[in-house]
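Here is how the chains run, residue by residue.
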Amino acid sequence: MAATLNIQEAIKAFVAEKGWKIATTQKDGTIVLLFGDKDDNERNVWVTFHGRDQQRDIRVRCAQCKMVENVKDRDRVLEFLARANWGLNIGSFKIDMNDGETFFEAAADVKFCDAEDVNMLLTTLTSIVRSTMDKYQRGIIAMMNDSSLEPSSVISIVEGR
């Protein structure tokens, strides 16, 4: 049964069931959703679903639209993200070194899943990426906007240590 499951169609069905609006669909099957206020660049968050039938995996990525443009700030944000990743059980933060986009990504292998399992995985992964980005986003923004802050101090505040 799992071998005939079309992952991209399962993702589209999941999104439709939730009543979410698809912002774009790219050629590679990536479905892009926008959460947050379009007018508030700092809190604008994209969620993308990547379903690859050949690899039989799903990646759910939550990206912060505000970029880390200052190269000097990127080092500090990188340290913050590395400290955040250290304590995570699922997923990881990443930064695109070309444009400074920061994002959190979690993935699941769906080799042996049927449509019901994929729906459950999408629900779980979407919840994880959105809640994790929500938790750490203020720290990322603080690191970009205030060069006097130390990554170790900000991560302690964000994680409540």
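On a predicted model such as this, the values are computed, not experimentally measured, just so you know.

Asker: Looking at this structure, I do not really get the confidence of the model for the protein chain. What am I missing?
Answerer: Parts of the model with low pLDDT should not have their predicted coordinates read in detail. Mean pLDDT for the protein chain: 76, with 70% of residues reaching 70 or above. When pLDDT is averaged over each element of the protein chain, helix α4 (residues 151-158) comes out on top at 94 and strand β2 (residues 31-35) at the bottom at 63. Here residues 36-44 is a poorly scored stretch, pLDDT under 50, and it has 19 contacts once near neighbours within four places are set aside; other chains count.

Asker: Can you walk me through α4 in this structure?
Answerer: Every buried residue of α4 is listed here: Pro 151, Val 154 and Ile 155. In an axial view of α4, the angular spread of the buried residues amounts to 100 degrees, which keeps them on one side of the axis. Looking one or two places after α4, you find Gly 160, whose phi comes out positive at around 70 degrees.

Asker: Looking at this model, I keep getting lost on the packing of helix α3 (residues 115-145) against α4. Mind explaining?
Answerer: Helices that pack against each other are described as a pair by the angle of their axes relative to one another and the distance between those axes. Where α3 contacts α4, the two axes come as close as 9 Å, and the packing angle between them is 155 degrees. If you check the angle between α3 and α4, you find them roughly antiparallel. At the point where α3 passes α4, the crossing takes the right-handed sense. Of α4, the residues touching α3 (which contributes Lys 135, Tyr 136, Gly 139 and Met 143) are Pro 151, Val 154, Ile 155 and Val 158.

Reading the values: rules and limits
Residues numbered from 1 in each chain as written. Predicted model: local features only at pLDDT ≥ 70, side-chain atom pairs only at ≥ 80, totals over all residues. Heavy atoms only, no water. pLDDT = per-residue confidence, 0-100. Helix = DSSP H or I, 4+ residues; strand = E, 2+ residues; numbered from the N terminus. Contact = heavy atoms within 4.5 Å. Buried < 20%, exposed > 50% of the residue type's maximum accessible area, 1.4 Å probe, protein only. Arc of directions from axis to C-beta. Axes fitted to C-alpha atoms, helices over the stretch in contact; angles between N-to-C directions. Parallel < 35°, antiparallel > 145°, perpendicular 65-115°, else oblique. Left-handed = near helix turned anticlockwise from the far one by under 90°.

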